[in-house]
Amino acid sequence: MWMQVQFENGSRAEALIMAASTYEMRVVVQGCNDTQHWERIDGVWQDDSGERIAIGAVIALAGTAWVPFCGELGARTMALGAIPQ
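What counts, and at which threshold
- Residues numbered from 1 in each chain as written.
- Predicted model: local features only at pLDDT ≥ 70, side-chain atom pairs only at ≥ 80, totals over all residues.
- Heavy atoms only, no water.
- Pairing = 2+ DSSP bridges.
- Helix = DSSP H or I, 4+ residues; strand = E, 2+ residues; numbered from the N terminus.
- Axes fitted to C-alpha atoms, helices over the stretch in contact; angles between N-to-C directions.
- Phe/Tyr/Trp six-rings, centres within 6.5 Å; stacked < 30°, edge-to-face > 60°.
- Buried < 20%, exposed > 50% of the residue type's maximum accessible area, 1.4 Å probe, protein only.

Participant: Before we go on, may I ask you to explain the sheet that holds strand E2 (residues 12-20) in this structure?
Facilitator: Strand pairing within a sheet occurs via backbone hydrogen bonds; the two strands may be parallel or antiparallel. With antiparallel pairing, six strands are arranged side by side around a closed barrel as E1-E2-E3-E4-E5-E6. Neighbouring strand axes in the sheet, compared pairwise and without regard to direction, differ in orientation by 45° on average. Bridge count for strand E4 (residues 35-41) against strand E5 (residues 44-46) is three bridges, and the pairing is antiparallel. For Glu39, the partnering residue across the bridge sits in E5 and is Gln46.

Participant: Whenever I open this one, the packing of aromatic side chains confuses me. Can you help?
Facilitator: Between two aromatic rings, the relevant description is the distance of the centres plus the angle of the planes. Overall, the coordinates contain one aromatic pair when judged by the stated rule. Ring centres of Phe7 and Trp38 lie 6.4 Å apart, and the angle between their planes is 85°; on these two criteria the pair is classed as edge-to-face. In this pair, Phe7 sits in strand E1 (residues 2-7) while Trp38 sits in strand E4, placing the two residues 31 residues apart along the sequence. Pair check on accessibility: Phe7 and Trp38 agree, each one buried.

Quick look at the structure:
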């Protein structure tokens, strides 16, 4: 799945989800040379360093099994730029 994300410092990037569950995902972020592991802690996505990440848009690619992951996102949709505290 493709998504648009915003980091705590305000920067935005496109990312590709390689694997995901309700509480963790492996992603490739635009401009990064390696995959990243993100975890959802207390309802907020965070990278390995603890930086919070807001997911602004998610688009499922053809053939992607997205229902278990996106079902959780749908109930918590927030405007891009509104990173939970």
